Amino acid sequence: MNSLIDKYNIPGPRYTSYPTVPYWDESTFSPESWKESVIRSFHESNAEEGISIYIHLPFCEALCTFCACHKRITKQHSVEIPYLESVLKEWKLYLELFNEKPKLKELHLGGGTPTFFSPENLRTLLTGIFSTVEIAEHPEFSFEGHPNNTTKEHLQTLYDLGFRRVSFGVQDYDPKVQKAINRIQPFENVKNVTEWAKEIGYRGISHDLVFGLPHQTWEAMENTIRKTMELKPDRLAFYSYAHVPWVKGVGQRGFDENDLPSGEEKRRLYEDGKKLLQDLGYIEVGMDHFSLEHDDLYQSLIHKKLHRNFMGYTSSNTQLMVGLGMSAISDSWYAFAQNVKTVEEYQTMVEEGKIPVVKGHVLNEEDLIVRRHILNLMCQLETTFTTDNSFPELDNALDMLKEMENDGLVEISGKEIKITEAGRAFTRNVAMVFDLRMMRNKPETRIFSMTI
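For every chain, the first residue of its written sequence is number 1, and the numbers climb from 1 along that sequence. Reporting of local features is limited, given that this is a predicted model, to residues whose pLDDT is at least 70; pairs of side-chain atoms are given and counted only at 80 or more, and all residues count toward the totals for whole chains, interfaces and linings. Working from all heavy atoms in the structure, the side-chain values ignore hydrogens and water.

Think of it this way: any DSSP run of H or I at least four residues long counts as a helix, any run of E at least two long counts as a strand, and we number them from the N terminus. If you tally the helices and strands in the protein chain, you get 15 helices and 19 strands. Computed over its C-alpha atoms, the radius of gyration of the protein chain comes to 21 Å, within 12% of the 22 Å expected for a compact globule of 452 residues. By principal-axis analysis of the C-alpha atoms, the protein chain measures approximately 55 × 50 × 40 Å. Per-residue burial over the protein chain gives 58% buried out of 452 residues. Here, two residues are considered to be in contact whenever any of their heavy atoms come within 4.5 Å of each other. The contacts of the protein chain with a sequence gap of at least 6 include a subset with a gap of at least 24, amounting to 74%. Each accessible area value is a Shrake-Rupley result obtained with a 1.4 Å probe; residue values ignore everything except the protein chains displayed when judging cover. Put simply, the protein chain shows about 18700 Å² of open surface, and 49% of that area lies on carbon and sulfur atoms. By the counting scheme adopted, Arg and Lys are positive, Glu and Asp are negative, and His together with the chain ends is not counted. Charge positions come from single atoms, namely NZ of Lys, CZ of Arg, CG of Asp or CD of Glu. Averaging the positions of the 50 positive and the 66 negative side-chain charges in the protein chain gives two centres separated by 2 Å. Here the globule rule reads 2.2 Å times residues to the power 0.38, and the radius of gyration is calculated from C-alpha atoms. Partly exposed describes any residue whose relative accessible area lies between the buried limit of under 20% and the exposed limit of over 50%, with all areas from a 1.4 Å probe on protein chains only and scaled to the type maximum.

Following this line, the structure appears as structure tokens:
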């Protein structure tokens, strides 16, 4: 395994999209082309499956120095109402594109820290959106809760509005690690919010754990997993820390590369952590995720409905995902768009009646084919080629996969590729073989975190 780590531990995307953001072709993108793709996707999908909404709530009271998200650090809660008013105005701009009431299948509150906002203000935001849509029969509403500031009132308010899933960011319980990442978070706080959520009736409680953090050891990671098991969440995200200090604004400081586990140590954190989770009854789903058998995520895997987008893994597929808020990314299937990355510019554009996108990408026919293969690999760990030879470079991918087959990472049968159990840790590497845009234009500088 160590030799494989040395061989395959290279910078690579996490593939929440294809093409990945650094390879978006902005020359073919415009606000008008984005609107056209949204209208097309809405008309194709709304009646049957409905749409998804992602709302980016960027404020945090303190900077967690492992975080690579777009956020605004402030303790001034006076920012809440003006920001939420802007989100509702942005949503109104999208409503103007539709000729019928949207059917809302999925909604997620991400951040930042969604629970930075008061329960009352979150209720105002959500009732404002819900008043304009038809709620699907079995909606999936979820939010990210910070254990240090999520109150029972937050949980009850959102439950009453239809939320049944909540994800709590745990990361690690080791005090030394918590100090390095500026996330001091006692186990008692996590225990309280998890038990409150269970009492209220949430059926999809998730904890986020991160391996590869500064000063992290297996002993500490094992302790974190075992403490997590005391609370028995329905699912777990077991993420690899993405060290990207060159990205502007991420604030990864307070430690340096010498404080991080080596590639070999990090892989042990993953392999031993995965084995312990499985011994404790969790099943690996896709990449980085584990769930109990009753959870929707596992059930969607069994029924081949697992999907991956900018929100990560979801248990159902919606063709149109509208991202609202500063830096939010939207996906119409035919195009991607990202909003402007500062609160001030976002609010100004919305006030001017403009959908606040700053960049994006319109997918061509080749992109759509490659995207489907990468989604298949990331969600089902397998994909099948057709006999269509329109893009011969894709056939070259089979030749590139031969070496991975020799290393035991994939199995190839005709045009069918399956990632093996040993290859699951290298899923990103397998997907990279299909990434034609990156193959044609290999980055001269490092733009992705390491795959392992």
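Next up on the list: the pattern of salt bridges. Any Lys or Arg side-chain nitrogen located within 4 Å of an Asp or Glu carboxyl oxygen qualifies as a salt bridge. One pass over the full model with this rule turns up 22 salt bridges. We note a salt bridge from R440 to E366, for which the minimum N-O separation is 2.7 Å. A residue pair is termed long-range when its members are at least 10 positions apart, and R440 in helix α15 (residues 436–440) and E366 in helix α12 (residues 365–380) qualify at 74 residues. Salt bridges linked by common partners bring K274, E284, E421 and R424 together as one network.

What follows concerns the state of the cysteines. Cysteine sulfur atoms that pair up within 2.5 Å are treated as a disulfide. In total, this model carries 0 disulfides according to the counting rule given. Between C60, a free cysteine, and C64, which holds the nearest cysteine sulfur, the sulfur-to-sulfur gap is 6.6 Å. In this structure C64 comes out as buried when scored by relative accessible area, which is 12%.

Moving on: the packing of aromatic side chains. Two aromatic rings are characterised by how far apart their centres lie and by the angle between their planes. Ring geometry is summarised as follows: Phe, Tyr and Trp rings, the Trp one being its six-membered ring, pair when their centres sit within 6.5 Å, and such pairs are stacked at plane angles under 30 degrees, edge-to-face over 60 and tilted between the two. The tally for this structure, following the rule as stated, stands at 20 aromatic pairs. Between the aromatic rings of W24 and F336, the centroid separation amounts to 5.7 Å while the plane-to-plane angle is 15 degrees, which identifies the pairing as stacked. One end of the pair, W24, is in the loop between α1 (2–8) and α2 (31–45); the other, F336, is in strand β15 (residues 335–339), and 312 residues separate them in sequence. Of the residues examined, F336 reaches a relative accessible area of 0% and is grouped as buried. The interplanar angle of 75 degrees and the centroid separation of 5.4 Å between the aromatic rings of Y173 and F187 together place this pair among those described as edge-to-face.

This part takes up the domain arrangement of the protein chain. Taken domain by domain, the protein chain consists of domain 1 (19–362) and domain 2 (365–440). Where each domain begins and ends is defined by an automated method or by a domain database. Each of domain 1 and domain 2 has a C-alpha centre, and these two points are 27 Å apart. The interface is formed by 25 residues belonging to domain 1 together with 16 residues belonging to domain 2. Here the quantity called buried area is the accessible surface, traced with a 1.4 Å probe, that two parts lose on coming together, added over both. When the buried surface of domain 1 facing domain 2 is broken down by residue, Y23, M287 and W333 rank first, second and third, together holding 33% of it. Linking domain 1 to domain 2 there are 4 salt bridges. With its nearest N and O atoms 3.8 Å apart, the salt bridge here joins K304 to E382. Any pair of N or O atoms that falls within 3.5 Å is considered a polar contact. Within protein, one atom must be able to donate a hydrogen and the other to accept it, and sequence-neighbouring residues count only if both atoms are side-chain atoms. Connecting domain 1 to domain 2 are 7 residue pairs in polar contact (both at pLDDT 80 or more). Contributing elements (two or more residues each) for the side of domain 1 that touches domain 2: α9 (263–279), β9 (283–285), β11 (307–309) and β16 (357–362). For the side of domain 1 that touches domain 2, the element with the highest residue contribution is α9, accounting for 5 residues. Residue classes follow a fixed rule: Ala, Val, Leu, Ile, Met, Phe, Trp, Tyr, Cys and Pro count as nonpolar, while Asp, Glu, Lys and Arg count as charged, and any other residue, Gly among them, counts as polar. Here the residues of the side of domain 1 that touches domain 2 are counted per class, giving 12 nonpolar, 4 polar and 9 charged.

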